[in-house]
Each structure stands twice: as structure tokens, then as C-alpha cells.
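Spelled out from the first residue to the last, the chains are:
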Amino acid sequence: GRYGEGDLQWMTAGEGIVHSEMFPLVKTDDNNTLRFFQIWLNLPAKSKMTKPSFAMHWAPDIPKYTSDDKKATATIFVGQNEYFPGVSNTANLPPPKSWANDKANDVVLVHITI
């Protein structure tokens, strides 16, 4: 999948998936800046041979929160939203067999700007 400007990808390798980093030019009339990070989570033994899966979540669909005083914003990539009133985060769930999808692991990934 292609990503840029706030998009989110979830991938679970499981029994095997082909992966490569590709950085397409999204804009033809402006700079194509790139800033990203990756988190790799080791699957527990019971899930090592799960079917691979991939999910693409586009930036406009990722929940965002702005504080009442407009001094802070948060992009909620994954996790429960009890900290961000009025924001629903049911659209960009991790793949089904992902370690992050197990509620017992309490995975939350938020980018906060103050």
C-alpha cells in the first residue's frame, strides 16, 4: 500500500508476507516530505503461524481530537479512547490476529501536539 501525510498501515506477518519499503511521489507540484516510524511487535507463540493480514487506514479516516482550549491536538492511531471524549476509534483497528488487537495488551498509539 501507499502511505503518506498521516496514513496508517497495519501488517501482521504471521506465516509469511512479502514486505518492502516504497516511497511514491504523492505530489507532483510540491515537495514530498517523509516522516514515519515503525513498531514491530513479536507475535506470541500461539499466533506465529496465523494467516498474514494487512490493513490500510487513510489519514482523513483516523480519529483526531482537539482540546476545548485548542492548545492540544491528538491523532489516535489505535487504542481505546477514554482519554479523548467524543472520539470514536472503531474504524482503524489492527488486523484480527495482531498482538495489538488483543484488548488484554492495552495497546494505545497516539500522536499528541501541544
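Along each chain, residue indices are assigned from 1 in the same order as the chain's sequence is written. The predicted nature of this model means local features are confined to residues of pLDDT at least 70 and side-chain atom pairs, given and counted, to a pLDDT of 80 or more, with totals for whole chains, interfaces and linings taken over all residues. Values shown for side chains rest on all heavy atoms present in the structure; no hydrogens or waters enter the calculation.

Please clarify how the sheet that holds strand β5 (residues 109-113) should be interpreted in this entry.
Two pairing modes exist for strands in a sheet, parallel and antiparallel, and in both the strands are linked by backbone hydrogen bonds. Think of it this way: DSSP has to see at least two bridges between two strands before they count as a pair. The helix count covers DSSP runs of H or I at least four residues long, the strand count covers runs of E at least two residues long, and both are numbered beginning at the N terminus. In space, the three strands of this open sheet follow the order β3-β4-β5, with antiparallel pairing throughout. The open sheet has two edge strands with one neighbour each: β3 (64-66) and β5. Averaged over all pairs of adjacent strands, the angle between strand axes in this sheet comes to 20 degrees, irrespective of strand direction. For every element, the axis is a line fit to its C-alpha atoms; helices are fit only across the contacting stretch, and the angle between N-to-C directions ranges from 0 to 180 degrees.

Honestly, the pairing of strand β2 (residues 53-57) in this entry has me stumped. Any pointers?
Looking down a regular strand, the side chains alternate between one sheet face and the other. Each residue's exposure class comes from its accessible area (1.4 Å probe, protein chains only) as a fraction of the maximum for that residue type: buried when under 20%, exposed when over 50%, partly exposed otherwise. Alternating positions in β2 separate cleanly, Ser53, Ala55 and His57 being buried on one face and Phe54 and Met56 remaining unburied on the opposite face. Alignment of strand β1 (residues 8-12) against β2, held across five bridges, turns out to be antiparallel. Paired with Met11 across the strands is Phe54, a residue of β2.

How do you make sense of the environment of Ser98 when you look at a structure like this?
Counting through the fold element by element, Ser98 comes out in the loop between β4 (73-78) and β5. With a relative accessible area of 10%, Ser98 lands in the buried category. Between the C-alpha atom of Ser98 and that of Trp10, which follows or precedes it by 88 residues, the distance is 8.7 Å. Residues count as neighbours in contact if any of their non-hydrogen atoms are within 4.5 Å of one another. Apart from residues lying up to four places away in sequence, Ser98 is in contact with Trp10, Thr12 and Leu43.

What is the right way to look at unusual backbone geometry in this model?
Negative phi values dominate among residues other than glycine, just as trans dominates among peptide bonds. Although it is not a glycine, Lys70 sits at a positive phi angle of roughly 65 degrees. A positive phi angle is found at Asp106, which is not glycine, with a value near 50 degrees. With respect to the element layout, Asp106 can be found in the loop between β4 and β5.

Just to check I follow, could you spell out the nonpolar core for this structure?
Within soluble globular proteins, side chains that are nonpolar generally end up buried alongside one another. Here, nonpolar core means buried Ala, Val, Leu, Ile, Met, Phe, Trp, Tyr and Cys residues that are tied together by side-chain atoms lying within 4.5 Å of each other. Ranked by size, the top nonpolar core spans seven residues in total: Leu8, Trp10, Ala55, Ile62, Phe77, Val78 and Ala100. Breaking this core down by element, the ones donating at least two residues are β1 and β4.

Can you walk me through a nonpolar patch on the surface in this structure?
Excluding any residue in a salt bridge, patches collect residues exceeding 30% relative accessible area, merging like charges within 9 Å and nonpolar Val, Leu, Ile, Met, Phe, Trp and Tyr side chains within 5 Å. For accessible areas, the Shrake-Rupley method is used with a probe of radius 1.4 Å. Any residue's cover is judged against the shown protein chains and nothing else. Each reported salt bridge corresponds to a side-chain nitrogen of Lys or Arg within 4 Å of a carboxyl oxygen of Asp or Glu. A contiguous nonpolar surface patch, about 410 Å² in accessible area, is contributed by Phe37, Ile39, Leu41 and Trp99. The topology assignment puts Ile39 in the loop between β1 and β2.

When you look at the side chain of Thr75 in this model, what are you seeing that I'm missing?
Secondary-structure assignment places Thr75 in strand β4. Beyond its immediate stretch of four places on either side in the chain, Thr75 contacts Ile62, Pro63, Lys64, Leu109, Val110 and His111.

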